[in-house]
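# A structural walkthrough
Letter by letter, the chains look like this.
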Amino acid sequence: MSITVTTWSLEQTSPADLRPTAAPDGDVRIVRAEVPSPEFSRFLYTAVGGDVRWNDRLGITYAQWEELLARPGTETWVAYEKGTPAGYAELQAQDGGSVEIVYFGLIPSFRGRRIGGHLLSYAVARAWDLAERWPGLTPTKRVWLHTCSKDGPHAMDNYLRRGFTLFDTVVAEESEAAAPGPWPSAHG
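Residues numbered from 1 in each chain as written. Predicted model: local features only at pLDDT ≥ 70, side-chain atom pairs only at ≥ 80, totals over all residues. Heavy atoms only, no water.

## Re the side chain of Ser 121
Here Ser 121 is to be found in helix α3 (residues 115–128). Setting aside its immediate chain neighbours within four residues, Ser 121 contacts Leu 18, Arg 19, Pro 20, Thr 21 and Arg 162. (Helix = DSSP H or I, 4+ residues; strand = E, 2+ residues; numbered from the N terminus. Contact = heavy atoms within 4.5 Å.)

## Considerations on the packing of helix α1 (residues 38–49) against helix α2 (residues 62–70)
Packed helices, taken two at a time, are described by the angle between their axes plus the distance between the axes. Interhelical geometry of α1 versus α2 gives an angle of 90° and a closest axis separation of 9 Å. Between α1 and α2, the interaxial angle falls into the category roughly perpendicular. Every residue of α2 that contacts α1 at Pro 38, Glu 39, Ser 41, Arg 42 and Tyr 45 is listed here: Tyr 62, Trp 65, Glu 66 and Leu 69. Looking at the contact of α1 with α2, its residues break down into 5 nonpolar, 1 polar and 3 charged. (Axes fitted to C-alpha atoms, helices over the stretch in contact; angles between N-to-C directions. Parallel < 35°, antiparallel > 145°, perpendicular 65-115°, else oblique. Nonpolar A, V, L, I, M, F, W, Y, C, P; charged D, E, K, R; others polar.)

## A short note on the environment of Arg 161
Following the sequence through the fold, Arg 161 ends up in helix α5 (residues 155–161). Residue classification places Arg 161 among the partly exposed positions, given a relative accessible area of 45%. Residues Arg 161 and Leu 18 lie 143 residues apart in sequence; the distance between their C-alpha atoms is 8.8 Å. (Buried < 20%, exposed > 50% of the residue type's maximum accessible area, 1.4 Å probe, protein only.)

## Considerations on unusual backbone geometry
Despite not being glycine, Lys 82 has its phi angle at roughly 50°, a positive value. Mapping Lys 82 onto the fold places it in the loop between β3 (74–81) and β4 (84–93). Positive phi outside glycine occurs at Arg 114, with the angle close to 70°. Summarising the element assignment, Arg 114 is placed in the loop between β5 (98–106) and α3.

## So, the sheet that holds strand β6 (residues 142–148)
Across the sheet, 7 strands lie side by side as β2-β3-β4-β5-β6-β1-β7; this open sheet has mixed pairing. The open sheet has two edge strands, β2 (28–32) and β7 (165–175), and neither has a second partner. Here the average twist between neighbouring strands, direction ignored, is 25°. Pairing of strand β1 (residues 2–12) with β7, which is carried by 10 bridges, proceeds in the antiparallel orientation. Among the inter-strand pairings, Val 5 is bridged to a residue of β7, identified as Ala 172. Of the strands in this sheet, β1, β2, β3, β4, β5 and β6 touch α3, which is tilted by about 160° from β5. (Pairing = 2+ DSSP bridges.)

## Section: the nonpolar core
Soluble, globular proteins show a tendency: their nonpolar side chains are buried together. Counting residues in each nonpolar core, the largest one holds 41 residues, and the members touching the most others are Tyr 88, Ile 101, Tyr 159 and Phe 164. For this core, the element with the most residues is α3, which contributes 7 residues. Those residues in contact with Ile 101, other than ones at most four positions away along the chain, are Glu 90, Leu 91, Leu 120, Val 124, Val 143, Trp 144, Leu 145 and Phe 164. (Core = buried A, V, L, I, M, F, W, Y, C linked by side-chain atoms within 4.5 Å.)

Right, here's the structure in full:
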């Protein structure tokens, strides 16, 4: 069985495009996971994307995860609430000064608590200053990402409120895949 999926690509072309939101109340911290860890990254990937059918990385090997995470200009930024991982953003430097926010999202039980806007604001700022942490990289000229109709209902609005603008829309048929986790009925 197939489903129709709309994918929207959005971008910022200047650091001045970013419209950050205030940090939420409480003990919320954002920390860079500086040691590439396939185990931790896979945990974040499945915990955040499991209910919205992220599955593109589920079949890759441990060595492939290592290779992806060790690329110069790849960073994982993790939001924690009271010491518990709440969500993450994975940044990836690309040719010509582009930085893609490859993955972004919150673990379902942390959604709707103002953490997502704060994490996105922080991640975009880190995308704009990425070359400062990676000598030899071209300074960032563009930050971009994509979201799709399978993502959460507030994803697009969060991107637009942070200053992203739409530059491409693609509608395609995809094979329907079961949500990989975290486990059935975890939040229902």
